[in-house]
Amino acid sequence: MTCWRVRPNGLDLAVKVQPRARRPALGGLSPDGAALRVAVAEVPEDGRANRAVCTAVARALGLANSAVEVLHGAGSRQKTLRVTGDPASLAPLLEKLIA
């Protein structure tokens, strides 16, 4: 089971966000195994945590910040991110983050 769905120009990635984390971190699966865990120090106000999540995922995948955007769940801890790029090169990077 993977936490992403391949699209023609990238992929959709399910994430579980922990805002106001003491230590920002990215990696591993959520307890139910359906999403990538992302912890950010920012608070969930005015979209700050959403921007931090997109930036963290973009950096981890070696992409520009503009290549990652929130597709669904902007007001929730469970989000779907749209990642633009080559799916064949993104999948191995995501596998490393999950491991």
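(A) Representation of the overall build of the protein chain within the structure. Secondary structure summary: the protein chain contains 2 helices and 6 strands in total. Counted from the first residue to the last, the protein chain has its helices and strands arranged as β-β-β-β-α-β-β-α. For the protein chain, the C-alpha radius of gyration of 12 Å lies close to 13 Å, the compact-globule estimate for 99 residues. Across its three principal axes, the protein chain shows a C-alpha extent of roughly 35 × 25 × 20 Å. When burial is assessed residue by residue, the protein chain has 36% of its 99 residues classed as buried. The long-range share in the protein chain, meaning contacts at least 24 apart out of those at least 6 apart in sequence, stands at 45%. Side chains of the protein chain carry 14 positive and 8 negative charges; the gap between the two charge centres is 6 Å.

(B) Region of the structure containing the pattern of salt bridges. What the rule picks out here adds up to 3 salt bridges. When the shortest N-O distance is used, the salt bridge between R82 and D12 registers 2.4 Å. Of this pair, R82 sits in strand β6 (residues 78–84) while D12 sits in strand β2 (residues 10–18); the two residues are 70 residues apart in sequence, bridging distant segments of the chain. One salt bridge in this structure joins E45 and R48, with 3.9 Å as the shortest N-O distance. R48 gets classed as partly exposed once you look at its relative accessible area, which sits at 38%. One network of salt bridges, in which partners are shared, links R7, D12 and R82.

(C) Broad picture of helix α2 (residues 87–98). Here α2 spans 16 Å end to end across 12 residues, near enough to the 16 Å set by a 1.5 Å rise per residue. Taken as a whole, α2 has its buried residues at P87, L90, L94 and L97. Seen along its axis, α2 keeps its buried residues to an arc of 75°; they face one direction. Facing away from the buried side of α2, by more than 90 degrees, are the exposed residues A88 and K96. Those residues of α2 hidden inside the fold are in contact with β1 (4–7), β2, β3 (25–29), β4 (36–39), α1 (48–61) and β6.

(D) Region of interest: the side chain of K79. By the secondary structure assignment, K79 is in strand β6. It is E42 that comes nearest to the buried, bridge-free K79 among opposite-charge side chains, at 12 Å. Engagement of the side chain of K79 in a polar contact is seen with the backbone oxygen of S76, the distance being 2.5 Å. Every residue in contact with K79, bar those within four places of it in the chain, is listed here: L13, A14, V15, V17, N50, H72, G73 and A74.

The rules behind each value
Residues numbered from 1 in each chain as written. Predicted model: local features only at pLDDT ≥ 70, side-chain atom pairs only at ≥ 80, totals over all residues. Heavy atoms only, no water. Helix = DSSP H or I, 4+ residues; strand = E, 2+ residues; numbered from the N terminus. Rg over C-alpha atoms; globule rule 2.2 N^0.38 Å. Buried < 20%, exposed > 50% of the residue type's maximum accessible area, 1.4 Å probe, protein only. Contact = heavy atoms within 4.5 Å. Lys, Arg positive; Asp, Glu negative; His and termini not counted. Charge placed at Lys NZ, Arg CZ, Asp CG, Glu CD. Salt bridge = Lys/Arg side-chain N within 4 Å of Asp/Glu carboxyl O. Expected span 1.5 Å × (residues − 1). Arc of directions from axis to C-beta. Polar contact = N/O pair within 3.5 Å; in protein donor to acceptor, adjacent residues only side chain to side chain.

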